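Chain by chain, the residues run as shown.
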Amino acid sequence: MSARPTRRLLTGTGTWVLLAVLMTWTLAPIAVMVFTSFKAREDVFQVPARLLPSTWTLENYATVFTASTMPQALLNSVVVGVLVALATLVFCFSAGYAMARFRFRSARPLALFILLGQVVPLTVILLPLYQMVTAANLLDSTTGVAFAHLAITVPLVTWMVRNQVAAIPIELEEAVRIDGGSRFDAVSYVTLPVCAPGLVAAGMFAFLQSWHEFLFASVLTTSSDARTAPVTLTEFATEFDVDWGATMAASVVLTVPIVIAFVALQRYFVGGLTGGAVKG
Amino acid sequence: MTALTPAVPRRRTGGPHPVALMLPAALLTAVLMVIPIGSTLVRVVADRGEGLARMLDIPNFGTVMLNTLVWTLASVVGALLIGYAGAVLFQSKSLRLTGMWRSLVMVPWIIPGVVGATVWRWTLSTDYGVLNQALLDLGVIAEPVRWLSDPDVVLIAVALVQVWVTAPFVVLMVSAALAGIPEERYEAARLDGAGSWQVFWYVVLPAIRTTTGIVVLTLAIWALNSFTIIWVMTSGGPAGSSTILPILLYQAFQNGDQSLVAAVALLQVAIGGVFAFFFARTMRTDLEDQS
């Protein structure tokens, strides 16, 4: 089965026309973002609008990095993302391993319970979560934001980890047991090393979810001390006089690390995401 | 243990009990999901339904419900159409550099939602936006469209952005499903003299029905719970014409109106519950298939 049979549905010119349309639709806004970020102020507000800058300038990037709170926000985002990734991996490896390797009476209810976290609308938990974080004295802290983000990452990553562990032949673990090792030995000498690349990808995935998140981060932070990059970006755009050049430069800055991470880890993401990604 | 041990041990064989392993994640879910939903319920009851009554009394409550419906339908249908087209396109043997195009199509999905919304807000700007200029140049429109300030247009404009963001997910899922269709089915259809369109309609669509179901469910849940795109682009305006349930809830939250927040949250849980039911059934089948 070398040539995919559905390959015959579309042929010749039709293919390339459809590709051109799809690529324009997909990439035109990205092009607008990139080109606007290199425009001088008077160029940005030129009418009629042009896609390309008349002169290229880096002044918008200079504004973002020297005259805004974006550097602090990027740092906050990294701190939150790392906290989220580490905590997620600890919680999810434990749960995902149990789901993949054991059958016990409460397994299915517990698994469904964790996975159903995926379909609870985030706005629904907004107020109680806000009250919880306030009560724990974590308002306006990166820890508080990271805690909230676990609501998004734990259900998703549990599923990813479960699939990764289930894909490892149980015989590998049993070999260790036959040699007299404990289950702990089997996990630390076989399971963990074998799914290490997958776990790294799952950790990156948790990091990226946190990097994206806007609603909780904006509600749980009140100052630039803890505010994350997406929240800071919207503040560029809610000022009375919106500096669209700087806003687009900041957008590029937020996007580049994501695209690099995606290209590097695409292989793992695609499987993990199609395996149960349901979150708005 | 011998080589005859079943692939999945049925009894404990030392180490921590599996329930203990799942407990941290389950407790976290309880704290982050169940307690909030419980407290929402308690509040609605403790208020003796005052919040619910107020919600139903909001002058434009009907509009909000209608907006939520239109937004959800438009988002799901749009993403399905573009996603299917993309998936079929990537199967075409006339295409070169498929891997590269496929990666590029993913871009709207992987960039942060706030970035996508911000970029579109600028692209859709009435006077400075590139879209209006392009449409004017092509002669499609005679005067600039007020994408985000015309109450009749705004909901479709924001739904367009949701479609832009979610269509790559459909491409991904449908591509995977298409790759799994056995060659014989096409051969049989060809022998019966079916053309491309008939193959698509009678072979491809039925074969990827399950995937389509999961995709529709996922897209609908995403749309119903979506907040960022609309909030960043319009904040629900102008005059509430792009306000959907999550936006209504957030506005009540900002106003410190806790009983209204609880009422809207309860309504969202009820709607979400219907989808969760079907989602759980799909997941359960999946769990059974794999264990």
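The rules behind the values
- Within every chain, residues take consecutive numbers counted from 1 along the sequence as written.
- Written order decides the labels, with chains lettered from A and ligands numbered from 1.
- pLDDT decides what is reported in this predicted model: residues at 70 or higher carry local features, side-chain atom pairs at 80 or more are listed and counted, and totals for whole chains, interfaces and linings draw on all residues regardless.
- Each side-chain value is derived from all of the structure's non-hydrogen atoms; neither hydrogens nor water enter the calculation.
- In the sections that follow, a salt bridge refers to a side-chain nitrogen of Lys or Arg positioned within 4 Å of a carboxyl oxygen of Asp or Glu.
- By definition, any uninterrupted DSSP run of H or I lasting at least four residues is a helix, any uninterrupted run of E lasting at least two residues is a strand, and each is numbered from the N terminus.
- Remark: exposure states derive from per-residue accessible area (1.4 Å probe, protein chains only) relative to the maximum for the residue type, with buried under 20%, exposed over 50%, and partly exposed in between.
- Each pair of aromatic rings taken from Phe, Tyr and Trp, with Trp reduced to its six-membered ring, is defined by centres within 6.5 Å and is described as stacked if the planes are under 30 degrees apart, edge-to-face if over 60, and tilted in the remaining cases.
- The rule is short: NZ of Lys or CZ of Arg within 6 Å of the ring centre and within 35 degrees of the ring normal puts a charge over the ring.
- UniProt positions are given in the numbering used here, feature names are shortened, and annotations may be inferred rather than shown by experiment.
- Each domain's extent is set by a domain assignment, obtained either automatically or from a database.
- Contacts are assigned to residue pairs with any non-hydrogen atoms lying within 4.5 Å of each other.
- When two parts are brought into contact, each loses some accessible area as probed by a 1.4 Å sphere; the total of that loss over both is the buried area.
- The term polar contact refers here to a pair of N or O atoms within 3.5 Å; inside protein, the definition further demands a hydrogen-donor-capable atom paired with an acceptor-capable atom, and it admits residues adjacent in sequence only when both atoms are side-chain atoms.
- Only C-alpha atoms enter the line fits that serve as axes; for helices the fit covers just the stretch in contact. Angles between N-to-C directions range over 0 to 180 degrees.
- Angle categories are assigned with fixed cut-offs, so that under 35 degrees is roughly parallel, over 145 is roughly antiparallel, 65 to 115 is roughly perpendicular, and the rest are oblique.
- All amino acids are sorted into three groups, where Ala, Val, Leu, Ile, Met, Phe, Trp, Tyr, Cys and Pro are nonpolar, Asp, Glu, Lys and Arg are charged, and the leftover types, Gly among them, are polar.

The next thing to look at is the pattern of salt bridges. For the structure on display, the rule yields six salt bridges over all chains. Residue Glu173 of chain A pairs with Arg101 of chain A through a salt bridge whose shortest N-O separation is 3.0 Å. Here the residue Glu173 of chain A occupies a position in helix 8 (residues 170–178), and Arg101 of chain A occupies one in helix 4 (residues 70–101), the gap between them amounting to 72 residues. According to the relative accessible area criterion, Arg101 of chain A is buried, its value standing at 4%. Here Arg54 of chain B makes a salt bridge to Asp257 of chain B, at a shortest N to O gap of 2.2 Å.

Our focus in this paragraph is the packing of aromatic side chains. Counted under the stated rule, the structure contains 23 aromatic pairs over all chains. For the ring pair Phe227 of chain B and Trp231 of chain B, a centre distance of 5.7 Å and an interplane angle of 15° mean the geometry is stacked. The exposure class assigned to Trp231 of chain B is buried, which follows from its relative accessible area of 17%. Ring geometry for Phe227 of chain B versus Tyr250 of chain B: centroids 4.7 Å apart, planes at 55°, classification tilted. With a gap of 23 residues between them, Phe227 of chain B in the loop between helix 10 (209–225) and helix 11 (228–233) and Tyr250 of chain B in helix 12 (residues 245–254) connect regions that are remote in the sequence. Here Phe227 of chain B matches Tyr250 of chain B in class, with each residue buried. Aromatic rings pair up to connect Tyr130 and Phe214 of chain A together with Phe227, Trp231, Tyr250 and Phe253 of chain B into one cluster. Geometry around Trp159 of chain A places Arg162 of chain A over its ring, the cationic atom sitting 5.4 Å from the centre.

With that out of the way, let us pick up the UniProt feature "transmembrane region" (unreviewed entry) in chain A. Residues and elements named next belong to chain A. Residues given the UniProt feature "transmembrane region" (unreviewed entry) here are residues 16–38, 73–98, 110–130, 142–161, 186–208 and 244–265. Strand forms 0% of residues 110–130 and helix 57%; the C-alpha atoms that close the span are 26 Å apart. For the annotated span residues 142–161, helix accounts for 100% and strand for 0% of the residues, and the straight-line distance between the end C-alpha atoms is 26 Å.

Next up on the list: the domain arrangement of chain A. All names here are of chain A. As far as domains go, chain A holds domain 1 (1–56) and domain 2 (60–276). Taking the mean C-alpha position of each, domain 1 and domain 2 sit 30 Å from one another. Contacts between the two partners involve nine residues from domain 1, matched on the other side by 12 residues from domain 2. Taking both partners together, domain 1 and domain 2 bury about 780 Å²; carbon and sulfur atoms supply 63% of that area. When the buried area of domain 1 at its contact with domain 2 is split by residue, Met33, Ser37 and Arg41 rank highest and sum to 61% of it. For the pair domain 1 and domain 2, the interface holds one salt bridge. In this structure, the connection of domain 1 to domain 2 is made through three residue pairs in polar contact (both at pLDDT 80 or more). Of all the elements in the fold, those that place two or more residues in the side of domain 1 that touches domain 2 are helix 1 (12–37) and helix 2 (41–44). If one sorts the elements of the side of domain 1 that touches domain 2 by residue count, helix 1 sits on top with four residues.

Further remarks concern the interface of chain B and chain A. Between chain B and chain A, the contact holds 109 residues from the first and 107 residues from the second. Between chain B and chain A, roughly 10200 Å² of surface is buried when both sides are summed, and carbon and sulfur atoms account for 75% of that area. Summed over the shared surface of chain B and chain A, the result is zero salt bridges. Run the count over chain B and chain A and you get 10 residue pairs in polar contact (both at pLDDT 80 or more).

Here, the residues flagged by UniProt with the feature "domain: ABC transmembrane type-1" (unreviewed entry) are residues 65–279 of chain B. For residues 65–279 of chain B, the end-to-end C-alpha separation is 23 Å, with 74% helix and 0% strand making up the annotated structure.

A separate point is the packing of helix 1 of chain A against helix 7 (residues 154–179) of chain B. With their axes 10 Å apart at the nearest point, helix 1 of chain A and helix 7 of chain B run at an angle of 105° to one another. Considered as vectors, helix 1 of chain A and helix 7 of chain B are oriented roughly perpendicular to each other. Together, Trp25, Thr26, Pro29 and Ile30 of chain A of helix 1 of chain A and Leu160, Val163 and Trp164 of chain B of helix 7 of chain B make up the contact between the two elements. Class assignment of the residues belonging to the contact of helix 1 of chain A with helix 7 of chain B gives a composition of six nonpolar, one polar and no charged.

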